[in-house]
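# Structural features, examined
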Amino acid sequence: MSASADKTYTIPVGPLHVALEEPMYFHIDLEGETVRDVDIRAGHVHRGVEYLTTKRSIYQDVVLTERICALCSNSHPETFVMACEQIAGLEIPERAAYLRVIAAEIKRIASHLFNLGILAHLTGYDTLFMHAMQVREIMQDVKETLFGNRMDIGAMCIGGVRYDLDAETTAYLTAALDKLTPEVDALAKTYRRNHTILRRSRGIGLLTKDQAIACAVVGPVARACGIEYDVRIAAPYAAYDRLRVAAPTLTDGDVWSRAMIRMTEIGVSIQLLRDCLRDLPEGPTRLPERPDIPAGRAMGKCEAPRGELVYFLKTSGADEPERVKWRVPSFPNWDALPFMLRGAKIADIAIIVNSIDPCVSCTER
Amino acid sequence: MTRLLEDIEARLAAAAPGGIDYSSTTSPHGAVTAWCGMANSEDLLSVGETLLRLGARLAMISALQPPAPEEEEEEEEPAEGEATAEKPAKEVPTTFGGTPIDGKSYEIDYHFVLGGDFLTVIAYLPAGGSISSLTPLFRSANWPEREIMENYSLVIRDHPNPRRLFLDPSIDAAALERLIPYSTLVNAASTKALWDKVLAAKGGAS
């Protein structure tokens with residue numbers, strides 16, 4: 001800690017810090033206990049995955065992109081294969097479109113519950129943290145049962161999906177949703193009413209709508225500031241144009257609003273899963289042959305748990321793509337942190353950072 | 001649901017006096033993906049202003065070095081009497097706007113989202129070229145432009161904070177333009193131990 005003037009200090013937060021899940025370095029200027037300015041320094045988990053994708057075949061990249069990050073692991077290959085299918089002009093089978101929605105929404109519920117749990121942990125309410133993680137365990141079990149894995153579910157392939165539901169797994173998923181619904185309702189009640197949560201999250205880490213538009217933030221961070229943008233509605237993919245997707249918005253732009261957007265979205269996802277199971281058509285789950293990807297360029301985007309995920313793919317007709325570039329939802333959301341942190345108390349830094357649900361592995365690739 | 005305007009091509013053409021190469025495709029779900037190559041990369045700020053007024057969001061910037069087309073094998077079938085005819089000098093193909101595709105030139109793609117649709121504005125730059133920063137118009141250009149500057153030897157003019165973003169300052173510039181051995185990349189010690197073991201197992205040859 002260095003005192004540069006009266007009551008003015010500069011402190012480091014990170015890159016390794018008890019309250020941060022992943023390494024990121026915040027250079028924080030303080031006046032007393034109040035944050036005056038923040039400088040974010042990144043790069044601690046930069047692995048050069050973007051370069052690596054051009055050294056692997058397109059089919060290997062479906063596997064590689066799943067390993068960029070754990071929490072939104074399904075969204076990466078999902079968007080990558082969408083870009084491939086666009087170049088090759090492929091239409092996936094109807095059943096595959098629904099199965100893609102099911103995989104994405106299961107991952108979304110687990111991801112949101114994790115973030116809500118960490119919020120409770122950071123407020124010091126560890127009982128609620130453990131409760132949220134226990135509820136999340138229902139979805140972890142679902143993933144293990146349906147896909148054979150708890151994080152990287154390997155559900156996507158070019159031209160469809162790599163898994164299918166039968167009577168047994170459908171019954172398991174339905175039972176899990178029945179078990180999850182009252183648990184989530186009880187959690188939502190706590191997050192809405194509990195004094196500890198409210199005191200540490202309401203009015204904290206404010207982001208105005210104008211600031212949100214300037215920073216180009218996406219996902220729950222944007223929707224908590226009143227920006228009605230959800231890729232599933234604005235540019236439907238898979239089976240979302242045949243499903244009723246609700247995108248809840250709030251206007252306060254504080255930590256609590258961002259948490260409540262995630263809480264409400266869990267309910268939306270549960271409903272989407274039920275609708276998919278009801279409407280799931282019969283038929284193949286993928287195209288019969290592994291398609292060749294010709295030369296071309298395409299853009300893909302999907303609504304990952306943290307917001308809009310964008311992929312750019314340029315191919316030359318060879319097995320290796322010429323360029324793969326992606327922008328994860330956390331990438332623009334980091335830039336909103338200085339606005340949220342200015343004027344905040346030092347004790348709220350970790351809570352505010354967690355409220356953008358940051359993914360460092362995704363951001364730095 | 002907002003969609004790309006009917007007259008978006010005319011608006012972009014008006015903003016880019018150097019000329020544009022516009023094309024678009026519509027997915028079966030109705031989502032439009034549009035591409036707009038600019039003949040003159042100096043038109044970027046004017047095109048950016050037009051898009052800002054339309055409420056576009058800058059979602060991502062991609063930079064790449066398109067590889068030079070592979071040389072095709074010459075078919076050696078000299079006709080009689082023409083065996084000594086001079087071969088014409090190979091012409092380097094060029095992009096829209098005349099930037100040579102020689103493996104050293106750059107393409108920068110500015111991916112905008114308008115409503116739910118993509119509009120990608122493409123600037124072509126020769127080796128050693130420079131381009132204006134979009135940060136005066138779009139705050140979200142800041143980090144992507146910093147990342148481009150550390151990955152390529154491209155100059156982005158008037159960037160407010162041209163520091164490294166992810167790579168440490170001790171790493172040589174233009175990381176994506178160089179071949180970096182994996183062991184160097186991960187800062188790993190490289191030993192002959194395994195090789196020596198293989199040789200020993202084979203009977204200590206050499």
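Refer to the preceding data block for the structure.
Quick summary incoming for the structure in this document. Per chain, residue numbering runs from 1 following the sequence as it is written. Chains carry letters from A onward and ligands carry numbers from 1 onward, assigned in written order. In keeping with the model being predicted, local features are shown solely for residues with a pLDDT of at least 70 and side-chain atom pairs are shown and tallied solely at 80 or more, while totals for entire chains, interfaces and linings include all residues.

## Details of the overall build of chain A
Helix and strand assignments come from DSSP, with helices taken as H or I runs of at least 4 residues and strands as E runs of at least 2, each series counted from the N terminus. Helix and strand counts for chain A stand at 15 helices and 9 strands. The globule rule puts the C-alpha radius of gyration for 365 residues at 21 Å, and the 21 Å found for chain A is close to it. Counting only C-alpha atoms and orienting by the principal axes, one finds that chain A spans roughly 70 × 45 × 35 Å. Exposure criterion: with C-beta atoms placed from backbone coordinates, a residue whose C-beta has 20 or more other C-beta atoms within 10 Å is buried, one with 12 or fewer is exposed, and one in between is partly exposed. Within the span of chain A, comprising 365 residues, buried residues form 52% of the whole. Long-range pairs, those at least 24 residues apart, make up 70% of the contacts in chain A between residues at least 6 apart in sequence. Within these notes, the globule rule equals 2.2 Å times the number of residues to the 0.38 power, and the radius of gyration is based on C-alpha atoms. C-beta atoms are first placed from the backbone for all residues, and any pair lying within 7 Å is then listed as a contact.

## Some details on the nonpolar core
A set of buried Ala, Val, Leu, Ile, Met, Phe, Trp, Tyr and Cys residues, joined to one another through C-beta atoms within 7 Å, is what we call a nonpolar core. Judged by nonpolar contacts, the single largest core of 159 residues is most densely connected at A83, C84, V101, L113 and A336 of chain A together with M38 and F112 of chain B. The leading source of residues in this core is helix α4 (residues 94–122) of chain A, at 18 residues. In contact with A83 of chain A, other than residues within four places in its own chain, are A298, M299, G300, Y311 and L313 of chain A.

## So, the interface of chain A and chain B
With 27 residues of chain A at the interface, the matching set in chain B holds 30 residues. At the level of secondary structure, the elements contributing two or more residues to the side of chain A that touches chain B comprise α8 (209–215), β8 (307–315), β9 (323–327) and α12 (330–334) of chain A. For this scheme, ten residues count as nonpolar: Ala, Val, Leu, Ile, Met, Phe, Trp, Tyr, Cys and Pro. Four count as charged, namely Asp, Glu, Lys and Arg, and the remainder, Gly too, count as polar. Each residue belonging to the side of chain A that touches chain B can be placed in one class, and the counts come to 14 nonpolar, 4 polar and 9 charged.

## Observations concerning the sheet that holds strand β1 (residues 20–26) of chain B
Hydrogen bonds between backbone groups are what pair the strands of a sheet, and the pairing can be parallel or antiparallel. All names here are of chain B. Ordered in space as β1-β2-β5-β4-β3, the 5 strands form an open sheet in which the pairing is mixed. Edge positions in the sheet fall to β1 and β3 (57–64), since each has one partner strand and no second. Neighbour to neighbour, the strand axes of the sheet diverge by 15° on average, direction disregarded. Bridge count between strand β2 (residues 32–38) and strand β5 (residues 117–125): 6 bridges; the pairing is parallel. Looking across to β5, one finds that A34 is bridged to L119. When DSSP finds two or more bridges between a pair of strands, those strands are recorded as paired. Here the axes come from fitting lines to C-alpha atoms, over the contacting stretch only for helices, and the angles between their N-to-C directions go from 0 to 180 degrees.

## Here's the deal with the sheet that holds β9 of chain A
All names here are of chain A. Taken together, 3 strands build an open sheet; the order of strands is β7-β8-β9 and the sheet is antiparallel. This sheet does not close on itself; its edge strands, each paired only once, are β7 (296–304) and β9. The mean angle between the axes of side-by-side strands here comes to 15°, regardless of whether they run parallel or antiparallel. Examined bridge by bridge, β8 and β9 share 5 bridges and lie antiparallel to one another. Within the sheet, the bridge partner assigned to Y311 lies in β9 and is W326. Where helix α3 (residues 75–88) meets the sheet, its contacts fall on β7 and β8, and the angle it forms with β7 comes to roughly 145°.

## Describing helix α1 (residues 8–15) of chain B
All buried positions along α1 of chain B are accounted for by I8, L12 and A15 of chain B. Mapping the buried residues of α1 of chain B onto a view down its axis gives an arc of 60°, with all of them on the same face. Here the arc refers to the directions that run from the helix axis out to each C-beta atom.

## Description of the environment of P66 of chain B
Residue and element names in this part refer to chain B. For P66, the location among the structural elements is in the loop between β3 and β4 (106–114). For P66, a count of 20 C-beta atoms within 10 Å corresponds to the buried category. Separated by 42 residues in sequence, P66 and S24 place their C-alpha atoms 21 Å apart. Here P66 is in contact with I101 and E107, once residues within four sequence places are set aside.

## Observations regarding the pairing of β5 of chain B
Regular strands have side chains that alternate between both faces of the sheet. Residues and elements named next belong to chain B. Counting buried residues in β5 gives 8 out of 9 residues, a clear majority hidden from the surface. Pairing of β4 with β5 involves 9 bridges; the strand directions are antiparallel. Residue Y110 lies in a different strand from β5, and its bridge partner there is V121.

## Looking at the packing of α4 of chain A against helix α5 (residues 126–147) of chain A
Residues and elements named next belong to chain A. Contact geometry for α4 and α5: axes closest at 8 Å, N-to-C directions at 165°. In terms of orientation, α4 lies roughly antiparallel with respect to α5. With respect to the hand of their crossing, α4 and α5 are arranged in left-handed fashion. Here I106, I109, A110, L113, F114, L116, G117, A120 and H121 of α4 come into contact with α5, specifically with D126, L128, F129, A132, M133, V135, R136, M139, Q140, V142 and K143. Here the contact of α4 with α5 is built from residues that sort into 14 nonpolar, 3 polar and 3 charged. Oblique is the label for every angle not falling under 35 degrees (roughly parallel), over 145 degrees (roughly antiparallel), or within 65 to 115 degrees (roughly perpendicular). Crossings are assigned a handedness: left-handed for a near helix turned anticlockwise from the far helix by less than a right angle, right-handed for a clockwise turn.

## Points about unusual backbone geometry
Residues and elements named next belong to chain A. The phi torsion at A238 lies on the positive side, around 45°, for a residue other than glycine. Positionally, A238 belongs in the loop between α10 (231–234) and α11 (255–279). Although it is not a glycine, D357 sits at a positive phi angle of roughly 50°. Counting through the fold element by element, D357 comes out in the loop between α14 (349–355) and α15 (360–364).

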